[in-house]
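Descriptive analysis of the structure
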Amino acid sequence: MGSSERLMLVSSLNPEGMEKENGGKKGTDEFESSQTNGVKNGGISTTDSTIFMRRFIREITDLIQSIVGLICARFCRDFYAISDAAEAIERVHVGIEYVPNFRIRFWIKRTWSRIVCSCPADRSQIILAFLKRVTKHMQKRLVEQWELVKARQSPEEETEPTEEEMVAESTMSLFSRECASFASTFILGESFSPKNVKKEAIVSQIAQILLVDKELFLDMLGLLAKLIICSDSQAAVKCIPILNVITLNYATSFDEQTAVQMLIHALQSLQMYVSDELAAGPILTLIFNIYSTFRPKYPALLEVLRQVPNSMPENVEQFDQRIITTIQNEEEGKMHDKIKRDLMRKVLISRKVKIHHGQKSSNGTEEDGEMD
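What comes next concerns the included structure.

What counts and how
- Residues numbered from 1 in each chain as written.
- Predicted model: local features only at pLDDT ≥ 70, side-chain atom pairs only at ≥ 80, totals over all residues.
- Heavy atoms only, no water.
- Helix = DSSP H or I, 4+ residues; strand = E, 2+ residues; numbered from the N terminus.
- Buried < 20%, exposed > 50% of the residue type's maximum accessible area, 1.4 Å probe, protein only.
- Contact = heavy atoms within 4.5 Å.
- Areas by Shrake-Rupley, 256 points an atom, 1.4 Å probe, with all protein chains shown as cover.
- Axes fitted to C-alpha atoms, helices over the stretch in contact; angles between N-to-C directions.
- Parallel < 35°, antiparallel > 145°, perpendicular 65-115°, else oblique.
- Left-handed = near helix turned anticlockwise from the far one by under 90°.
- Expected span 1.5 Å × (residues − 1).
- Arc of directions from axis to C-beta.
- Salt bridge = Lys/Arg side-chain N within 4 Å of Asp/Glu carboxyl O.
- Core = buried A, V, L, I, M, F, W, Y, C linked by side-chain atoms within 4.5 Å.
- Patch = residues over 30% accessible without salt bridge, like charges linked within 9 Å, V, L, I, M, F, W, Y side chains within 5 Å.

1. Some details on the overall build of the protein
Within the protein one finds 16 helices and four strands. Residue burial in the protein is summarised as follows: out of 372 residues, 47% are buried. Taking the intrachain contacts of the protein between residues at least 6 apart in sequence as the baseline, contacts between residues at least 24 apart amount to 69%. A total accessible area of about 19,300 Å² is found for the protein, and carbon and sulfur atoms account for 51% of it.

Following this line, the structure appears as structure tokens:
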């Protein structure tokens with residue numbers, strides 16, 4: 001089956017219209033009018049048969065997603081023992097780039113998450129290649145599609161968004177949350193709850209084994225970094241506990257560049273959500289944890305804080321000295337989250353602060369913003 005045929009087949013899952021190859025979308029009326037409108041074939045119009053086939057394929061896809069996911073979850077010992085299980089799992093990803101944004105989240109929820117999290121620990125290598133591919137795909141789609149959403153928005157703030165813009169943003173928000181749920185389930189396990197975030201979270205058994213792989217570790221870290229700076233606060237907040245756990249449990253896996261990039265992304269996230277009370281607090285805690293964990297080993301993190309314009313240099317130096325002293329006295333574990341947040345507020349949000357890190361963001365452009 002050629003790429004154009006696959007595109008037409010998968011696009012038929014979209015009840016609102018077909019996706020064009022350039023990323024645009026035809027509305028239902030426009031698509032149907034492009035068919036042989038009103039021409040009867042054996043008493044059934046071409047339009048009716050197209051709509052019927054589209055719905056049929058969509059329903060079949062829903063069933064396949066659920067069946068594959070449930071087989072992995074309910075018959076995990078038998079399924080993952082099959083000699084070509086890895087090859088079968090890889091086929092789930094074929095043609096996924098043609099699936100519309102509003103359908104991809106169902107693949108993540110019903111199928112991908114179950115494939116990954118149901119795998120027995122002693123057979124974890126079976127899903128390693130698959131997990132790398134889907135993680136990279138999520139990253140790519142998040143960056144590209146959020147950029148499209150922003151590009152469609154009017155530069156004039158007073159202009160009301162169109163219905164198409166609101167639908168596109170809502171769709172990407174749901175997709176982002178599903179990506180965050182996927183990462184949370186894989187790393188922290190299905191039993192993890194944000195309500196228990198203050199308790200010491202334990203990395204799931206399957207994640208403990210697979211995150212030893214350096215490529216997967218960086219892929220997963222990259223996915224989380226993009227989620228905390230996406231334009232959906234719920235997705236961002238859901239990733240904060242995961243990053244805290246990774247920071248504290250996998251500190252030896254971070255090199256200087258990775259640690260610096262994580263601090264920059266956390267600062268950018270604060271820049272975006274500084275006025276959101278539910279998001280700003282956890283992000284401040286994350287910034288503190290990243291800084292206190294890696295600052296003794298990587299002095300470059302101090303330079304990142306120094307590059308925050310309009311921040312008070314004396315506050316930055318005092319904060320840095322306190323972190324060093326706290327670590328030397330082994331008092332870091334006794335520090336409550338409220339104290340961590342207050343310390344970071346004094347450094348970063350003491351007054352109107354404009355962040356310009358002098359670094360490029362994940363999409364390759366420099367970003368500015370204000371934190372009140």
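2. Examining the packing of helix α12 (residues 256-273) against helix α13 (residues 277-294)
Helix-helix packing is characterised by the crossing angle of the two axes and by the distance between the axes. Orientation of α12 relative to α13, taken along the N-to-C sense of each, is 160 degrees, at an axis distance of 9 Å. The orientation of α12 relative to α13 falls into the category roughly antiparallel. The hand of the α12/α13 crossing is left-handed. Across the interface between the two elements, A259, M262, L263, A266, L267, S269, L270 and Y273 of α12 pack against A279, A280, I283, L284, L286, I287, I290, Y291 and F294 of α13.

3. Structural notes on helix α16 (residues 337-348)
Between its first and last C-alpha, α16 extends 16 Å over twelve residues, near the 16 Å set by a 1.5 Å rise per residue. Every buried residue of α16 is listed here: K340, L343, M344, V347 and L348. Taken down its axis, α16 places every buried residue within 115 degrees of arc, on the same side.

4. So, the pattern of salt bridges
Summed over the entire model, instances satisfying the criterion amount to 16 salt bridges. Across the pair R133 and E90 runs a salt bridge whose closest N-O atoms are separated by 2.7 Å. Of this pair, R133 sits in helix α7 (residues 125-152) while E90 sits in helix α5 (residues 85-90), and the two are 43 residues apart along the sequence. According to the relative accessible area criterion, R133 is partly exposed, its value standing at 37%. Between D219 and K136 there is a salt bridge, and its shortest N-O distance comes to 2.5 Å. Note that D219 is positioned in helix α10 (residues 214-228) and K136 in helix α7, a separation of 83 residues in sequence. Residue K136 is classed as partly exposed on the basis of its relative accessible area, which comes to 34%. Each member of the salt-bridge network shares a partner with another, and the members are K132, K136, D213, E215 and D219.

5. A few points about the environment of L210
Within the fold, L210 resides in helix α9 (residues 205-210). Residues L210 and L128, 82 residues apart in the sequence, show an inter-C-alpha distance of 7.0 Å. Contact partners of L210, with chain neighbours within four places excluded, come to S124, Q125, I127, L128, L131, F186 and L216.

6. Focus: the nonpolar core
In this structure, W112, I127, F186 and L348 are the most contacted members of the largest nonpolar core, which totals 96 residues. What I127 contacts, discounting residues up to four positions off in sequence, is Y80, I89, I115, V116, C119, I206 and L210.

7. Observations regarding a nonpolar patch on the surface
Together, F52, M53, F56, I60, L63, I64, I67, I71 and F75 line one region of the surface with nonpolar side chains, adding up to about 850 Å² of accessible area. Inspection of the secondary structure puts F52 in helix α3 (residues 46-74).

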